[in-house]
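Architecture and fold: a report
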Amino acid sequence: MSMWVILPVSLPVFTITGIWVVYAMALYNQHVCPVHNWLYNDSCEEQLPTQRGPELCCTLDNIPLISKCGTLPPESCFFSLICSTGAFMVVLITLLRYAHVIEKHQNCVLNMASLSTGWICAAGLTMVGNFQVDFAKVLHYVGAGVAFPSSLLFVCLQAALTYRLAKTQEEYRVGHIRAGMALLALITLVLSGVFFCQESFALQHTSAIFEWVYCMIVMFFYGTFAFEFGGVSADTLIILSRGGGGLPSLSLQANKPEISGGPGHHQAENLSIL
């Protein structure tokens, strides 16, 4: 088994653990309200970080959205690190997946589209992590508007690509799992977006919960690439170095000695005739 199998497994482990650590830090510093809190007010006499006591006064600014958890230091530093590192790992995974499909099967529109959407998602994720919502709202929302739809499109394309390339029963089972995860991701993202636009405190809090669920589903989806990455070899890297052009045909290589030996063979025949 190839050591590259560690890459898709480490992405969900690193990112999911990282964002929950960021949430814990934001909760400890009272920068957001806990997930189990459903009571919000229009305004509070004191800001949340200065409040003391078991009962906290929360406003919409304290809803535990993932971006809100990583807005203020020190958790913002870790949030930027997690998003940037995660984006880099996404680029590597999508690139290796692209080359592995070419190696084992052939290139296709679904494969090229998946590579493009994966890289677009990585760019959006980098913007989300490095432009905090309270200090660079426009750039942050641009990054989120790029990252969320492109990540959903990526998982849908990869689910379809898995079915298209499947030949064994095990590969079809992986396709079923990915299709189910893509469907769940679609539902959670749509609900999160719809509830986020509502004025109700409860619905906006529900939007935050669906956002957390969506991100974890997508990260677990990347983890399923461990099934294919066990077969990544040096030939996969050769394909990458050739720009996705594939490996040279063995039949052409076998014919090279015959072609190169052709003139000498004709000269020997001419000498025997003389």
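The structure under discussion appears in the preceding block.
Residues numbered from 1 in each chain as written. Predicted model: local features only at pLDDT ≥ 70, side-chain atom pairs only at ≥ 80, totals over all residues. Heavy atoms only, no water.

Let's talk about the layout of surface pockets
Its volume calculated, the largest pocket comes out at about 540 Å³. As for the largest pocket, its lining consists of 21 residues, of which Leu65, Val133, Tyr141, Phe196 and Glu211 are closest to the centre. Sort the elements by how many residues they give to the lining of the largest pocket and helix α5 (residues 137–165) lands first, with 6 residues. Along the lines of polarity and charge, the residues of the lining of the largest pocket split into 9 nonpolar, 7 polar and 5 charged. What lines the second largest pocket is a set of 17 residues, and nearest its centre among them are Gln47, Leu48, Thr59, Asp61 and Asn62. (1 Å grid on protein atoms, 1.4 Å probe; cavity = no way out; pocket = protein on both sides within 12 Å on 5 of 7 lines; lining within 4 Å. Points joined across faces, edges and corners; volume = space filled by probe spheres on them. Helix = DSSP H or I, 4+ residues; strand = E, 2+ residues; numbered from the N terminus. Nonpolar A, V, L, I, M, F, W, Y, C, P; charged D, E, K, R; others polar.)

Some points on helix α4 (residues 109–130)
Taking 1.5 Å per residue, 22 residues should reach 32 Å; α4 reaches 32 Å between its end C-alpha atoms and fits that length. Listed as buried for α4 are Asn111, Ser114, Leu115, Thr117, Gly118, Cys121, Ala122, Gly124, Val128 and Gly129. (Expected span 1.5 Å × (residues − 1). Buried < 20%, exposed > 50% of the residue type's maximum accessible area, 1.4 Å probe, protein only.)

Details of the side chain of Gln51
Here Gln51 is to be found in the loop between α1 (6–28) and α2 (66–69). Under the relative-accessibility criterion, Gln51 is labelled buried at 7%. There is a polar contact of 3.0 Å between the side chain of Gln51 and the backbone oxygen of Glu46. A polar atom in the side chain of Gln51 sits 2.7 Å from the backbone nitrogen of Cys57. Not counting the four nearest positions on each side in its chain, Gln51 is found in contact with Gln30, Cys44, Glu46, Leu56 and Cys57. (Polar contact = N/O pair within 3.5 Å; in protein donor to acceptor, adjacent residues only side chain to side chain. Contact = heavy atoms within 4.5 Å.)

So, a nonpolar patch on the surface
Nonpolar side chains collect at one region of the surface, where Leu183, Leu184, Leu186, Ile187, Val190 and Val194 lie side by side and expose about 510 Å² of accessible area between them. With respect to the helices, strands and loops of the structure, Val194 is situated in helix α6 (residues 169–196). Overall, Val194 belongs to the partly exposed group, its relative accessible area being 43%. (Patch = residues over 30% accessible without salt bridge, like charges linked within 9 Å, V, L, I, M, F, W, Y side chains within 5 Å. Areas by Shrake-Rupley, 256 points an atom, 1.4 Å probe, with all protein chains shown as cover. Salt bridge = Lys/Arg side-chain N within 4 Å of Asp/Glu carboxyl O.)

Thoughts on unusual backbone geometry
Geometrically, the link from Pro73 to Pro74 is a cis peptide bond, its omega value of 5° lying close to zero. Its location among the elements puts Pro74 in the loop between α2 and α3 (75–104). The phi dihedral of Gln30 falls on the positive side, at around 55°, and the residue is not glycine. Here Gln30 lies in the loop between α1 and α2.

With respect to empty space enclosed by the protein
Summed over all chains, the structure comprises 1 cavity of 30 Å³ or more. In terms of lining, the largest cavity is formed by 22 residues, of which the most central are Cys83, Leu125, Phe148, Cys215 and Met219. It is helix α7 (residues 201–223) that provides the largest number of residues to the lining of the largest cavity, a total of 6 residues. Here the residues of the lining of the largest cavity are counted per class, giving 17 nonpolar, 4 polar and 1 charged.

Some thoughts on the packing of α3 against α5
One can describe the packing of α3 onto α5 by two numbers: an axis separation of 13 Å at closest approach and a directional angle of 20°. It follows from the interaxial angle that α3 and α5 lie roughly parallel. Regarding α3 and α5, the two cross each other, and that crossing is left-handed. Taken together, the residues of α5 that come into contact with α3 (itself represented by Thr94, Arg97 and Val101) are Phe154, Gln158, Leu161, Thr162 and Leu165. (Axes fitted to C-alpha atoms, helices over the stretch in contact; angles between N-to-C directions. Parallel < 35°, antiparallel > 145°, perpendicular 65-115°, else oblique. Left-handed = near helix turned anticlockwise from the far one by under 90°.)

Some details on the pattern of salt bridges
As enumerated under the stated definition, the model contains 4 salt bridges in all. Asp134 is the partner of Lys68 in a salt bridge, and the nearest nitrogen-oxygen pair spans 2.9 Å. Taken as a pair, Lys68 in helix α2 and Asp134 in the loop between α4 and α5 lie far apart in primary sequence, 66 residues in all. Ionic contacts of the salt-bridge type, sharing partners, join the residues Arg97, Arg178 and Glu228 into one network.

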